[in-house]
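Residue-level structural notes
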Protein chains: 2
Amino acid sequence: MKWKKNVKPKSRLPVPEFRRICGPEHVLTAPEDRLAYSFDASKLSALPEAVILPGSAAEIAEILRLANAHGFPVYPRGAGSGMVGGAVPDRGGVVLALTRLNRILELDPDDMIAVVEPAVVTGRLQQEAARHGLLYPPDPASLSFSTIGGNVATCAGGPRAVKYGVTRDYVLGLEAVLPTGEVITTGTRTAKGVVGYDLTRLLVGSEGTLGVITRVVLRLVPAPEAVCTLAAVFPRIDQACRTVTSVLRARMVPTTLELLDRATLEAVEAHVQAGLPVHAEALLLLEVDGPDAVVDDHARRIEEICREMGARDVQKARDAASRERLWSARRAISPALRRIRPGKINEDVTVPRSRIPDLIRFNQSLARKYDLIIVSFGHAGDGNIHTNIMVDRSDPDEMARAERAVEELFREVLRLGGTLSGEHGIGITKSPFFQWEVHPGALDAMVRIKQALDPNNILNPGKMFVPNRAFFERDKG
Amino acid sequence: MKWKKNVKPKSRLPVPEFRRICGPEHVLTAPEDRLAYSFDASKLSALPEAVILPGSAAEIAEILRLANAHGFPVYPRGAGSGMVGGAVPDRGGVVLALTRLNRILELDPDDMIAVVEPAVVTGRLQQEAARHGLLYPPDPASLSFSTIGGNVATCAGGPRAVKYGVTRDYVLGLEAVLPTGEVITTGTRTAKGVVGYDLTRLLVGSEGTLGVITRVVLRLVPAPEAVCTLAAVFPRIDQACRTVTSVLRARMVPTTLELLDRATLEAVEAHVQAGLPVHAEALLLLEVDGPDAVVDDHARRIEEICREMGARDVQKARDAASRERLWSARRAISPALRRIRPGKINEDVTVPRSRIPDLIRFNQSLARKYDLIIVSFGHAGDGNIHTNIMVDRSDPDEMARAERAVEELFREVLRLGGTLSGEHGIGITKSPFFQWEVHPGALDAMVRIKQALDPNNILNPGKMFVPNRAFFERDKG
């Protein structure tokens, strides 16, 4: 299968056309404006030639038709909170910032659906839903600033995925603009629907390469009556992992099952001095939600299981303030890690639940082998262990060791039956490794679909399945 | 967008090649064998030229490569329990009966996944899962004979979808043979995974037009501790519908919320004389599952809501025998309907939950307008109301009236924001109406995807988006 190489603008960008379509105030070409749209949370960066803030799907359709006629790349952009460079305009062209499409169009408590534009911040939708006694479950760590459109484009997850699933499980339908400029609607407003190919879920997680999402129909669920958080300290990591499996096998499905390994605890404790159990191998944070009676019953049974499995200390909290106190160690991880090393390579690898102990032991041996600080924490309930390699990017030797460690990590994850990304996606940073995981025939099918829908390769080119060696370039922006 | 018309075999089928690939005993050409594979539950039928029972993905790949070389159509077939003619070989060529691929390859209670071949009967997988304290939730009415492969190809639903979702929500990964003969794997064995386009869910519900499914990785969930069934009789249909919404708004998510309208109750009572409340407008069957304490609490609260909303009689059952007694009216529907009229047109239309009363009133007016018996029942919890028009196919006048009624029904469902199919799919029987629902741009994208993956249109051609006027031909087989 041939793949079209870099798209180079055939001509200067038709900026006057952009101004006519979207209004002059919504087309930015000043260097400082372009700089503001040059990077995402991967810290990779590349200057776009122009930034357009469209006001409607029709305007986006016109821009994309121009892109096909003139041959310039277009990069859809939400809040720029992606971790893998998915929104970075690394081949020139135009950033399509969806910022102005930020309305909650509908929130129907009877049908339990919301219809929103892509730039609605996830946390804002959650607050609106809560006012109606409803829950929008996906909860990426970025939810206070990331947007629904970006969440859909990356199929964002979060700690609650153990019980509630990921973004894909809540998207019923979409309005999107195809790369060739057609505005389409997909899916339904109903809970069930099997008419035609599932374009909705083909677009979910396609990282802005198959369409620009302009409207999202989301399923909401009844908000739980009560929530209880438990924090359990385990002398050995295996005990924590066995607890995860035992809880699930006892027919309880907690909302979250978060694991912090010793390296993480040490980093957090050095930062906040909260008296964390730094000599323990693991801290498990469990949360259950549901009707009051269940929450009490499950919390009690989970505490029992933790103790049976060898937990040294188990704390329980029902009210918001005490729960927040238990979560504080988890929330302190990111700032704490920044104190250890200025840089980190954060991989959201995921393995079958039963292989978590293997992965964490592997990470420990990797840290020893390459003389690196590697902390492992995250969503143990679904095997999604964030593996953070702490680096000083000004130290070329450390960076070289880290690069080798990442490659070994990926090989091991795949050997364990896992996946390179549970929730961040591929973007630029993981694209060199994409083919390690994806079956050649499946890759070929993906490329055929991309070519069928984007024959001129204008929409977010160079991402996902085009190997891009920028991996260790991040943080340079 | 041009679309390749009928595929006609360019040459005689290479039957000796089939025999070489699969073994002579697995290639059937006798008229009686071909007849056995000529129809599905739609009762449409067409004789295939040959039937092949492959033993592996590799054999299927060889057959598909031959199909591309010789230009004959291939129709993948599970148990033939589909309702819309999806497996009917209406253009000659070869039926690929997957019967021999019927192994449960793995059932891992720790990772809570099952790996199965396509011809595993859904009910058998459920029994195996139950032995490990696990549940495979999708429960199409056909589960005792339909297969996982067919369930995946149609994204089968069932009554439990209210709480548990549909087949799509349980498929983590697939092995499939693409129309061009590549054996691919998609997805993961992990709960989360966002590497590349979601080919898994593109294949789910694609009705055998994009690939032949040869292996399925399924997510299982902990089996519930307890189940309670409630049956509530409502004088007026609106009361039953308001009950559905009220239960959900009270933050309870029952497993099932089944509605039977008066026409259904009358039909069943005429058949079984069980003392059903034929003067009531609706019977609601509700089921809750979960931990013992919750089941008791929810059953009590649901009973209260039913009574508040005007239910005349509410019965509750916890043990299997009493629950079965409450379900008996629901289970008697199909045999009862057969007594009213020899034929029925069963449409699985779905509307937003809040529009169910509108739909049922519309069906009543349609029955009066066209002098037809129309019974409405089914999955009220997700708006999926099976609308059955009872017909005598030997009465051309009644058939003509039924045809007009179906068209009016479809228009009304779409006007209400609904979909033509909640779980049966399009196949042949609904293909004339496909474009009433699917956006032209979305249809164009689907055709582009089909052409990209099946350039010679050999895999289950003429289904779904190719309008096929065979609608009222069913029952002729």
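So, how was this worked out
- Residues numbered from 1 in each chain as written.
- Chains lettered and ligands numbered in written order.
- Predicted model: local features only at pLDDT ≥ 70, side-chain atom pairs only at ≥ 80, totals over all residues.
- Heavy atoms only, no water.
- Helix = DSSP H or I, 4+ residues; strand = E, 2+ residues; numbered from the N terminus.
- Rg over C-alpha atoms; globule rule 2.2 N^0.38 Å.
- Buried < 20%, exposed > 50% of the residue type's maximum accessible area, 1.4 Å probe, protein only.
- UniProt positions renumbered as here; feature names shortened; annotations may be inferred.
- Phe/Tyr/Trp six-rings, centres within 6.5 Å; stacked < 30°, edge-to-face > 60°.
- Lys NZ or Arg CZ within 6 Å of the ring centre and 35° of its normal.
- Contact = heavy atoms within 4.5 Å.
- Salt bridge = Lys/Arg side-chain N within 4 Å of Asp/Glu carboxyl O.
- Polar contact = N/O pair within 3.5 Å; in protein donor to acceptor, adjacent residues only side chain to side chain.
- Domains from an automatic or database assignment.
- Buried area = accessible area lost by both parts, 1.4 Å probe.
- Nonpolar A, V, L, I, M, F, W, Y, C, P; charged D, E, K, R; others polar.
- Axes fitted to C-alpha atoms, helices over the stretch in contact; angles between N-to-C directions.
- Parallel < 35°, antiparallel > 145°, perpendicular 65-115°, else oblique.
- Left-handed = near helix turned anticlockwise from the far one by under 90°.
- Pairing = 2+ DSSP bridges.
- Least-squares fit on C-alpha atoms with pLDDT ≥ 70 in both.
- Disulfide = S-S within 2.5 Å.
- Core = buried A, V, L, I, M, F, W, Y, C linked by side-chain atoms within 4.5 Å.
- Arc of directions from axis to C-beta.

1. Topic: the overall build of chain A
Within chain A one finds 16 helices and 18 strands. Relative to its length of 477 residues, chain A is compact, with a C-alpha radius of gyration of 23 Å against a globular reference of 23 Å. Counting only C-alpha atoms, chain A reaches 70 × 60 × 40 Å along its principal axes. In chain A, which comprises 477 residues, the proportion classed as buried is 65%.

2. Some words on the UniProt feature "domain: FAD-binding PCMH-type" (unreviewed entry) in chain A
Here, UniProt's "domain: FAD-binding PCMH-type" (unreviewed entry) annotation points to residues 44-223 of chain A. Note that residues 44-223 of chain A is 22% helix and 24% strand, and that its end C-alpha atoms are spaced 38 Å apart.

3. Here we look at unusual backbone geometry
Here the phi dihedral of Asp371(A) falls at roughly 50°; this positive angle occurs in a residue that is not glycine. Mapped onto the fold, Asp371(A) is located in the loop between helix 13 (356-370) and strand 17 (373-379). Exposure remark for Asp371(A): the relative accessible area of 59% places this residue in the exposed category. If you check the backbone angles, Cys155(B) has positive phi at about 55° while not being a glycine. Tracing the backbone through its elements, the reader meets Cys155(B) in the loop between helix 5 (148-154) and helix 6 (161-164). On the basis of relative accessibility, which here comes to 2%, the residue Cys155(B) falls in the buried class.

4. Brief notes about the packing of aromatic side chains
Counted according to the given criterion, the structure contains 12 aromatic pairs over all chains. For the ring pair Phe18(A) and Phe72(A), a centre distance of 5.4 Å and an interplane angle of 75° mean the geometry is edge-to-face. Of this pair, Phe18(A) sits in helix 1 (residues 15-22) while Phe72(A) is found in the loop between helix 3 (57-70) and strand 3 (74-77), placing the two residues 54 residues apart along the sequence. Judged by relative accessible area, which is 0%, Phe18(A) ranks as buried. Site record: aromatic cluster; members linked through ring pairs are Tyr197(A), Phe434(B) and Phe465(B). Here the guanidinium or amino end of Arg411(A) rests over the ring plane of Trp436(A), the centre of that ring lying 4.1 Å away.

5. Some details on the interface of chain A and chain B
The partner chain B presents 88 residues to the 88 residues of chain A that form the contact. At the junction of chain A and chain B, the tally comes to 12 salt bridges. Two residues, Arg249(B) and Asp110(A), come together in a salt bridge whose shortest N-O distance is 3.4 Å. The tally of links between chain A and chain B comes to 35 residue pairs in polar contact (both at pLDDT 80 or more).

6. Things to note about the domain arrangement of chain A
Residue and element names in this part refer to chain A. Domain boundaries assigned for chain A yield domain 1 (1-223 + 430-477), domain 2 (224-335) and domain 3 (341-424). Measuring from the centre of the C-alpha atoms in domain 1 to the corresponding centre in domain 3 gives 27 Å. Between domain 1 and domain 3, the contact holds 19 residues from the first and 22 residues from the second. Summed over both partners, the interface of domain 1 with domain 3 buries about 1,900 Å², with 61% contributed by carbon and sulfur atoms. With a shortest N-O distance of 2.6 Å, Lys430 and Asp348 are connected by a salt bridge. There are 7 residue pairs in polar contact (both at pLDDT 80 or more) connecting domain 1 and domain 3. Among the elements of the structure, helix 6 (161-164) and helix 15 (434-437) are those that each provide at least two residues to the side of domain 1 that touches domain 3. Residue classes in the side of domain 1 that touches domain 3 are distributed as 11 nonpolar, 3 polar and 5 charged.

7. A closer look at the packing of helix 8 (residues 237-249) of chain A against helix 13 of chain A
All names here are of chain A. Contact pair helix 8 / helix 13: the axes reach a minimum separation of 9 Å and the direction vectors enclose 155°. Classified by the angle between their axes, helix 8 and helix 13 sit roughly antiparallel to one another. Crossing angle aside, the handedness with which helix 8 passes helix 13 is right-handed. Here helix 8 contributes Ile237, Asp238 and Cys241 to the contact with helix 13, which in turn contributes Ile356, Pro357, Ile360 and Arg361. When its residues are assigned to classes, the contact of helix 8 with helix 13 shows 5 nonpolar, no polar and 2 charged.

8. Things to note about the sheet that holds strand 3 of chain A
Picture the strands of a sheet paired through backbone hydrogen bonds; they go either parallel or antiparallel. All names here are of chain A. Strand order in the open sheet made by the 4 strands is 1-2-4-3, with mixed pairing throughout. Whereas interior strands pair on both sides, the edge strands pair on one side only; in this sheet they are strand 1 (27-28) and strand 3. Here 3 bridges tie strand 2 (residues 50-52) to strand 4 (residues 94-97), and the two strands are oriented parallel to one another. Bridging from a neighbouring strand, Val51 pairs with Val95 of strand 4.

9. So, the relation of the copies chain A and chain B
With an RMSD of 0.0 Å, the fit of chain A onto chain B corresponds to turning through 180° and sliding 0.0 Å along the axis. In the structure described here, the two chain copies are related by an operation that fits a two-fold rotation axis. The fraction of interface residues of chain A whose copies in chain B are also interface residues reaches 100%, indicating that both copies meet through the same surface.

10. Observations concerning the environment of Asn363(B)
Residues and elements named next belong to chain B. Topologically, Asn363 is positioned in helix 13 (residues 356-370). For Asn363, a relative accessible area of 1% gives the class buried. Taking the C-alpha atoms as reference points, Asn363 and Ile389, separated by 26 residues in sequence, lie 9.4 Å from one another.

11. With respect to the state of the cysteines
Residues and elements named next belong to chain A. All chains considered together, the criterion is met by 0 disulfides over all chains. Cys228 provides the cysteine sulfur closest to Cys306, a residue in no disulfide bond, and the two sulfurs are 11 Å apart. Classification of Cys306 as buried rests on a relative accessible area of 0%.

12. Observations concerning the sheet that holds strand 13 (residues 256-261) of chain A
Residue and element names in this part refer to chain A. Read across the sheet, 7 strands follow the order 15-12-14-13-17-18-16 without closing on themselves; strand pairing throughout is antiparallel. Looking at which strands have only one partner, the edges of the open sheet turn out to be strand 15 (313-317) and strand 16 (343-347). Taking the axes of each pair of neighbouring strands and ignoring which way they run, one obtains an average angle of 15° across the sheet. As defined by bridge partners, strand 13 adjoins strand 14 (residues 282-290) across 6 bridges and the pair is classed as antiparallel. Its bridge partner lying in strand 14, Leu260 is registered against Leu283.

13. Some points on the nonpolar core
Within the largest apolar cluster, 204 residues are counted, with the highest numbers of intra-cluster contacts made by Leu259(A) and Leu259(B). Filtering out sequence-adjacent residues up to four positions away, Leu259(B) remains in contact with Ile237(B), Ala240(B), Ala282(B), Leu283(B), Leu284(B), Ile356(B), Ile360(B), Ser376(B), Phe377(B), Gly378(B), Ala380(B) and Ile385(B).

14. Topic: the pairing of strand 14 (residues 282-290) of chain B
Residues and elements named next belong to chain B. Along strand 14, 9 of the 9 residues are buried, which leaves the element largely enclosed by surrounding structure. Burial along strand 14 is two-sided: Ala282, Leu284, Leu286, Val288 and Gly290 facing one way and Leu283, Leu285, Glu287 and Asp289 facing the other are all buried. Pairing between strand 12 (residues 226-234) and strand 14: 9 bridges, direction antiparallel. Each residue of the ladder has a partner; that of Ala232, found in strand 14, is Leu284.

15. Quick notes on helix 4 (residues 122-131) of chain A
Residue and element names in this part refer to chain A. Inspection of helix 4 places Thr122, Gly123, Leu125, Gln126 and Ala129 among the buried residues, and these make up the whole buried set. For helix 4, the buried positions fall inside an angular range of 155° around the axis, keeping them on one side. When the buried face of helix 4 is taken as reference, the exposed residues oriented beyond 90 degrees from it are Gln127 and Arg131. Buried residues in helix 4 make contact with strand 5 (104-108), strand 6 (113-116), strand 7 (134-135), helix 5 (148-154) and strand 10 (212-219).

16. Quick look at helix 1 (residues 15-22) of chain B
All names here are of chain B. Those residues of helix 1 lying buried are Val15, Phe18, Ile21 and Cys22. Projected onto a plane normal to the axis of helix 1, the buried residues spread over an arc of 120° and lie on a single side. Residues of helix 1 that are exposed and angled more than 90 degrees away from the buried face: Pro16 and Arg20. If you follow the buried residues of helix 1, they end up packed against strand 1 (27-28), strand 2 (50-52), helix 3 (57-70) and strand 4 (94-97).

17. Thoughts on the side chain of Asn151(A)
Residues and elements named next belong to chain A. Along the polypeptide, Asn151 turns up in helix 5. Here the side chain of Asn151 touches Thr122 through a polar contact of 2.6 Å, side chain to side chain. Sequence-distant contacts of Asn151, defined by excluding residues within four places in its chain, comprise Thr122, Pro140, Ser146, Ala156 and Thr167.

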